[in-house]
Amino acid sequence: QLRELTRRDIALDDVDLNLFTGRVALKGFRLAQRDSRDTAVGFERLDVGISLTSLVLKHARVTDLRLTAPQISATRTGPGAYDFSDLLDLVPPADPNAPPTAWTVTIDRLALERGSIVARDRAVAPASEWRVDHLTLDGGALTTRPHGRSGTLALKASINGARLAVSAT
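The shown structure was predicted, so the numbers you read here are calculated from the model rather than taken from an experiment.

**Considering the overall build of the protein chain**
Of regular secondary structure, the protein chain possesses two helices and 10 strands. Considered along the principal axes of its C-alpha atoms, the protein chain spans approximately 50 × 40 × 40 Å. Within the protein chain, buried positions represent 28% of all 169 residues. Restricting to contacts in the protein chain with at least 6 residues of sequence separation, those with at least 24 account for 48%. In the protein chain, the 22 positive side-chain charges and the 20 negative ones have mean positions that sit 4 Å from each other.

See below:
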């Protein structure tokens, strides 16, 4: 159904689901570019662990969220237009009159490893390309709960060959 909705080729090699432990793993995901088989978004593996007992208290506690080898390729094709604009059009607008949710979310451990992003700008002359390689993200204790302990986040990457490292608490 996703292929019909997005009008793009989509592949997913394998899904591992264990309802008793609250763990799911998605392997080999690829979403193609519009009108092409080239990958727009893909990843080698996504692992998610959820504390099922926390759901009773309207608290989604993600014990582990790990994304391995994500790839993103995006192109600005014109002023305010991107090669993924068709996908953004599928997202319904938020209802400004909707009451705030009572749910809270906590991510105990967050990791992204071996990420890469290619961003192209075809709306300028000459066209430009930015590459983010060796992208890693490591974080923990991230929460929307009031009075939660301070979370941490560390990001490392190489942007067009220049190294970047950022960390925050």
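Structure's up, so let's keep going.
**Re the packing of aromatic side chains**
Tallied over the full model, the rule gives two aromatic pairs. Between F29 and F43, the aromatic rings sit 5.3 Å apart at their centres with planes inclined by 25°, giving stacked as the arrangement. Taken together, the positions of F29 in strand β2 (residues 23-32) and F43 in strand β3 (residues 39-51) put the pair 14 residues apart, joining distant regions of the chain. Judged on exposure class, the residue F29 and its partner F43 are both buried. With 5.2 Å between their ring centres and 20° between their planes, Y82 and F84 make a pair best called stacked.

**Side note on the pattern of salt bridges**
Counted by the stated rule, this structure contains 17 salt bridges. A salt bridge links R23 to D64; the nearest nitrogen and oxygen atoms lie 3.5 Å apart. Remark: D64 occurs in strand β4 (residues 59-68) and R23 occurs in strand β2; sequence separation between them is 41 residues. With a relative accessible area of 34%, R23 lands in the partly exposed category. Judged by relative accessible area, D64 falls into the buried class, the value being 14%. Salt-bridge contacts for E129 lead to R131; the nearest nitrogen and oxygen are separated by 3.6 Å. Residue E129 is classed as partly exposed on the basis of its relative accessible area, which comes to 38%. A relative accessible area of 33% means that R131 is categorised as partly exposed. Salt bridges sharing partners connect three or more residues here, namely R120, E129, R131 and D133.

**Remarks on the environment of V62**
Turning to its location among the elements, V62 is positioned in strand β4. Owing to a relative accessible area of 12%, V62 belongs among the buried residues under this scheme. Here the alpha-carbon distance between V62 and D133, two residues 71 residues apart in the chain, equals 27 Å. In this structure, V62 is in contact with V48, G49, I50, T106, I107, D108 and R109, ignoring residues within four places of it in sequence.

What counts, and at which threshold
Residues numbered from 1 in each chain as written. Predicted model: local features only at pLDDT ≥ 70, side-chain atom pairs only at ≥ 80, totals over all residues. Heavy atoms only, no water. Helix = DSSP H or I, 4+ residues; strand = E, 2+ residues; numbered from the N terminus. Buried < 20%, exposed > 50% of the residue type's maximum accessible area, 1.4 Å probe, protein only. Contact = heavy atoms within 4.5 Å. Lys, Arg positive; Asp, Glu negative; His and termini not counted. Charge placed at Lys NZ, Arg CZ, Asp CG, Glu CD. Phe/Tyr/Trp six-rings, centres within 6.5 Å; stacked < 30°, edge-to-face > 60°. Salt bridge = Lys/Arg side-chain N within 4 Å of Asp/Glu carboxyl O.

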